[in-house]
Amino acid sequence: MASIKGKSYHAKPGEVERLWHVVDASGQTLGRLASRVALILRGKHRPQFTPSTDTGDCVIIINADKVKLTGNKLQDKIYYRVTTRPGSMKRVDAETMLEAHPERILENAIHRMLPRTTQGRQQRTRLHVYAGDKHPHEAQRPQPLEIKL
């Protein structure tokens, strides 16, 4: 076996420079958009990605109310909420959820694509979803991110 020259690189938490991105969800397919945003939140788009260190960026999603669901998912997809109390299970279809809380649909899809660990919970805090085209993060000077799917 040939020896490998050089050493592997492991990013350290203090070395990570977080960028802010704005994504417009108008006309985007829900699952494809969610998988791309989850990849950016984890930091897998960077060459210095290290699985044991959080190297992801911050993402702002606007126009969540204009996201597309393909096929019959508006009527067939069901979201469940349950507490520990007996008889507390609530069922809401995607169409009702999109009308009442459009940002929750994207948040659920993206959160379920992130790891269910301490690091995953930390990454979820950097996701900001808004139903309209306005957001309160102008001070961070977010860069528009074009997601081509």
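Below is a summary of the structure that appears in this document.

Calculation criteria
Residues numbered from 1 in each chain as written. Predicted model: local features only at pLDDT ≥ 70, side-chain atom pairs only at ≥ 80, totals over all residues. Heavy atoms only, no water. Core = buried A, V, L, I, M, F, W, Y, C linked by side-chain atoms within 4.5 Å. Buried < 20%, exposed > 50% of the residue type's maximum accessible area, 1.4 Å probe, protein only. Helix = DSSP H or I, 4+ residues; strand = E, 2+ residues; numbered from the N terminus. Contact = heavy atoms within 4.5 Å. Expected span 1.5 Å × (residues − 1). Arc of directions from axis to C-beta.

**Some remarks on the nonpolar core**
Piece 1. Leu30, Val37, Val59, Ile61, Leu106, Ile110 and Leu127 are the most contacted members of the largest nonpolar core, which totals 26 residues.
Piece 2. The element that contributes the greatest number of residues to this core is helix H1 (residues 30-42), accounting for seven residues.
Piece 3. Excluding its chain neighbours within four sequence positions, the residues that come into contact with Ile110 are Ala34, Val37, Ala38, Leu41, Ile61 and Leu127.
Piece 4. Among the nonpolar cores identified, the runner-up in size contains five residues, and Trp20, Val22, Cys58 and Ile60 belong to it.

**Digging into the environment of Lys66**
Piece 1. By the secondary structure assignment, Lys66 is in the loop between strand E2 (58-62) and helix H2 (73-76).
Piece 2. Assessed through its relative accessible area of 46%, Lys66 is described here as partly exposed.
Piece 3. Note: C-alpha distance between Lys66 and Thr29 (37 residues apart in sequence) is 9.7 Å.
Piece 4. Setting aside chain neighbours within four positions, we find Lys66 in contact with Ala25, Ser26 and Gly27.

**Some details on H1**
Piece 1. Along its 13 residues, H1 runs 18 Å from first to last C-alpha, staying within 8% of the 18 Å computed at 1.5 Å per residue.
Piece 2. All buried positions along H1 are accounted for by Leu30, Leu33, Ala34, Val37, Ala38, Ile40 and Leu41. Taken end-on, H1 shows its buried residues confined to a sector of 160 degrees, consistent with a single buried face.
Piece 3. Its buried side turned inward, H1 meets strand E1 (20-24), E2, strand E3 (78-81), helix H4 (102-111), helix H5 (118-124) and strand E5 (127-129).
Piece 4. Following H1 by one or two positions, Gly43 has its phi on the positive side, about 95 degrees.

On their own, these measurements won't tell you what the molecule is for.
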